[in-house]
Amino acid sequence: MTITSSAANSSMQAYQQALDVSAQNVANVNNPKYEPQRPVFQEEQGGGASVQVQKTGESQVSLSEEAVRLSTVNRGFQATLKTVRTQDEMTGAILNMVG
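As a starting point, this report considers the structure included with it. (Residues numbered from 1 in each chain as written. Predicted model: local features only at pLDDT ≥ 70, side-chain atom pairs only at ≥ 80, totals over all residues. Heavy atoms only, no water.)

**Considering the pattern of salt bridges**
Here is step 1 of the chain: Tallied over the full model, the rule gives one salt bridge.
Here is step 2 of the chain: Glu 66 serves as the salt-bridge partner of Arg 69, at 2.8 Å between the closest nitrogen and oxygen. Of the two residues, Arg 69 and Glu 66 are both situated in helix H2 (residues 63-98); the distance of three residues between them amounts to about one turn of the helix.
Here is step 3 of the chain: You can call Arg 69 buried: its relative accessible area is 16%. (Salt bridge = Lys/Arg side-chain N within 4 Å of Asp/Glu carboxyl O. Helix = DSSP H or I, 4+ residues; strand = E, 2+ residues; numbered from the N terminus. Buried < 20%, exposed > 50% of the residue type's maximum accessible area, 1.4 Å probe, protein only.)

**A word on a nonpolar patch on the surface**
Here is step 1 of the chain: On the surface, Ile 94, Met 97 and Val 98 cluster together into a nonpolar patch covering about 370 Å² of accessible area.
Here is step 2 of the chain: Looking at the element boundaries, Val 98 is found in helix H2.
Here is step 3 of the chain: Given the relative accessible area of 69%, Val 98 is considered exposed. (Patch = residues over 30% accessible without salt bridge, like charges linked within 9 Å, V, L, I, M, F, W, Y side chains within 5 Å. Areas by Shrake-Rupley, 256 points an atom, 1.4 Å probe, with all protein chains shown as cover.)

**Side note on the pairing of strand S2 (residues 49-55)**
Here is step 1 of the chain: In this structure, strand S1 (residues 37-43) lies alongside S2, joined through seven bridges in antiparallel fashion. Bridge assignment links Pro 39 to a residue of S2, and that residue is Val 53.
Here is step 2 of the chain: Where S1 folds back on S2, the antiparallel hairpin that results is connected by five residues, among which Gly 46 adopts a positive phi of roughly 90°. (Pairing = 2+ DSSP bridges.)

**What about the packing of aromatic side chains?**
Here is step 1 of the chain: Here the structure, examined in full by the defined rule, presents two aromatic pairs.
Here is step 2 of the chain: With a centroid separation of 5.4 Å and 50° between ring planes, the pair formed by Tyr 15 and Phe 41 is classed as tilted. A residue pair is termed long-range when its members are at least 10 positions apart, and Tyr 15 in helix H1 (residues 3-27) and Phe 41 in strand S1 qualify at 26 residues.
Here is step 3 of the chain: The class for Phe 41 is partly exposed, based on a relative accessible area of 36%.
Here is step 4 of the chain: Aromatic pair Tyr 15 and Phe 77: ring centres 5.6 Å apart, planes at 45°, arrangement tilted. Note that Tyr 15 is positioned in helix H1 and Phe 77 in helix H2, a separation of 62 residues in sequence.
Here is step 5 of the chain: Here the aromatic residues Tyr 15, Phe 41 and Phe 77 are joined through ring pairs into a cluster of three or more. (Phe/Tyr/Trp six-rings, centres within 6.5 Å; stacked < 30°, edge-to-face > 60°.)

Next comes the structure, spelled out in structure tokens:
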């Protein structure tokens, strides 16, 4: 696995975890005992990303914050997918030149 695909893979996993956190927050919007969480992205050594889940300290879920988070995560998925597609196209071009 190349460095690019490894970084893309870890980034996709981080975005999925962030999406899971947001979904859990939205699912508990009407639960007064639920304490919202937030994903905190961290850069991994050698590329890629990971997510640490932290409590927000707030007493209720903010749907507007979750909407922004979902939009951000969606853009991250799209950017990472573009990276994977570009790498695939480049690999194909190289193989066509060699083969």
